[in-house]
Amino acid sequence: MTSTAVRVDLGAAAAVKRRRLPGWLAVVPLLLFTALAFGLPALAMLDGAFTAKDPATGATSYTADNLTASLRGAYLTALLGSVKLSAVSAALGALLGLPLAQAVVTSRFRALREAVLTASGVLANFGGVPLAFAFVATLGNAGVLTRRFGLQDKGWDLYSFWGLVIVYLYFLIPLMVLTITPALEGLRVQWREAAQNNGATPAQYWRHVALPVLLPSLLGGLVLLFGSAFAAYATAAAMVGSSIPLVTLQIADAISGNVLVGQENVALALSLDMVLVAGLVMAVYLPLQRRSARWLA
């Protein structure tokens, strides 16, 4: 190889290196923003969760008392209440969202499919005080449907555990539709045809072929719904206040001093408990997504 060819190869390699360098530089602002927006609050939460302040002297020291207190009494009841509410809401959202998504995928009307998916994208992000007000005006004690059909005389109570579950389903079912639709679209037509050619009924196809393939995506969607319901705050705060024990409401009360003064660090410990639960949720969700991608790619 001549020296000219060597110089050309080196020049080409240097040019490729220069072209790659701006791509890495473009990620640096995002990494810095992530570190500032998530890293610093996480460190502050971790520091406060293990810090105690002496009310007499004002001296601070590191201790596990806040974390211990967050797992006792009313705080533990609120944590378990949030887990129960999230688990029930997520299970119902998955059960109701799967057949709706299947109906959308198999629909012959493209406009209907696009309309449902667009509406699901909007409704999945509709929550907070507007959602609470909509349900209070419709199904509250003086709501339109409550008064029209006499639901209160029949034992209906929106401001209860099951009332809150119904409200959460309003945004969890659309979220499940968005989550499971790509997996349903990934089911091969050849799998159904092969099952039919071998004499399998539609129920047998779903039981032995479709559901085993969809199981990682279903469990992943269930975990995602659980995390969304677990982190919800504004809707429950506007609807039920403190009548239903939830960890997000306990954190707000501890920070604002509604019950006891000086419990801010306990609130940080409760937040750390939520982060740990969310970490467990993500530890389950990510492997399921990777396994599902191998089948449906």
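Heads up: the structure comes first, above all this text.
First, a word on what this report is: a plain description of the structure on this page. Please read these numbers as outputs of a predicted model, since none were measured by experiment. (Residues numbered from 1 in each chain as written. Predicted model: local features only at pLDDT ≥ 70, side-chain atom pairs only at ≥ 80, totals over all residues. Heavy atoms only, no water.)

In terms of regular secondary structure, the chain is built from twelve helices and two strands. Seen in sequence order, the chain has helices and strands lined up from the N terminus as α-β-β-α-α-α-α-α-α-α-α-α-α-α. Across the chain, the fraction of contacts at a sequence separation of at least 24, relative to all contacts at a separation of at least 6, is 67%. As displayed, the chain offers around 17700 Å² of accessible surface, 68% of which is attributable to carbon and sulfur atoms. (Helix = DSSP H or I, 4+ residues; strand = E, 2+ residues; numbered from the N terminus. Contact = heavy atoms within 4.5 Å. Areas by Shrake-Rupley, 256 points an atom, 1.4 Å probe, with all protein chains shown as cover.)

Core analysis: the biggest nonpolar cluster contains 56 residues, and Leu-164, Tyr-168 and Ile-180 have the highest contact counts within it. Among the secondary structure elements, those contributing two or more residues to this core are helix H3 (73-106), helix H5 (129-139), helix H7 (161-185), helix H9 (202-231), helix H10 (234-239), helix H11 (247-256) and helix H12 (264-296). If you tally residues by element for this core, the top one is H7, at 14 residues. In contact with Leu-164, other than residues within four places in its own chain, are Leu-85, Leu-158, Ala-236, Met-239, Val-240, Ile-244 and Leu-246. (Core = buried A, V, L, I, M, F, W, Y, C linked by side-chain atoms within 4.5 Å. Buried < 20%, exposed > 50% of the residue type's maximum accessible area, 1.4 Å probe, protein only.)

Here we come to H7. For H7, built from 25 residues, the straight-helix expectation of 36 Å at 1.5 Å per residue is met to within 8% by its first-to-last C-alpha distance of 35 Å. At Leu-169, H7 shows its largest kink, close to 40°. Of all 25 residues making up H7, 18 are buried, and the element is well covered by its neighbours. (Expected span 1.5 Å × (residues − 1). Bend = angle between axes of the 7 residues up to and from the residue.)

By the element assignment, Asn-66 lies in helix H2 (residues 65-69). A polar contact of 3.2 Å, which involves the side chain of Asn-66, links it to the backbone oxygen of Ala-49. Sequence-distant contacts of Asn-66, defined by excluding residues within four places in its chain, comprise Gly-48, Ala-49, Phe-50, Thr-51, Ala-52, Asn-265, Val-266 and Ala-269. (Polar contact = N/O pair within 3.5 Å; in protein donor to acceptor, adjacent residues only side chain to side chain.)

Viewed as axis vectors pointing N to C, helix H8 (residues 189-197) and H9 meet at an angle of 160°, and their least axial separation amounts to 10 Å. For the element pair H8 / H9, the angle class is roughly antiparallel. Considering how the two elements wind past one another, H8 and H9 form a crossing that is right-handed. Contacts from Trp-191, Arg-192 and Ala-195 in H8 reach Tyr-205, Trp-206, Val-209 and Val-213 in H9. The residue inventory of the contact of H8 with H9, partitioned by class, reads six nonpolar, no polar and one charged. (Axes fitted to C-alpha atoms, helices over the stretch in contact; angles between N-to-C directions. Parallel < 35°, antiparallel > 145°, perpendicular 65-115°, else oblique. Left-handed = near helix turned anticlockwise from the far one by under 90°. Nonpolar A, V, L, I, M, F, W, Y, C, P; charged D, E, K, R; others polar.)

Within the fold, Thr-235 resides in helix H10. For Thr-235, a relative accessible area of 3% gives the class buried. Separated by 71 residues in the primary sequence, Thr-235 and Leu-164 place their C-alpha atoms 8.8 Å from one another. At 2.8 Å, the side chain of Thr-235 forms a polar contact with the backbone nitrogen of Gly-128.

In this structure the tally under the stated criterion is two salt bridges. We note a salt bridge from Glu-114 to Arg-110, for which the minimum N-O separation is 3.0 Å. Of this pair, Glu-114 and Arg-110 both sit in helix H4 (residues 110-123), four residues apart, which is roughly one turn of that helix. With relative accessibility at 62%, the residue Arg-110 sits in the exposed group. Between Arg-113 and Glu-185 there is a salt bridge; the shortest N-O distance is 1.8 Å. Of this pair, Arg-113 sits in helix H4 while Glu-185 is found in helix H7, placing the two residues 72 residues apart along the sequence. (Salt bridge = Lys/Arg side-chain N within 4 Å of Asp/Glu carboxyl O.)

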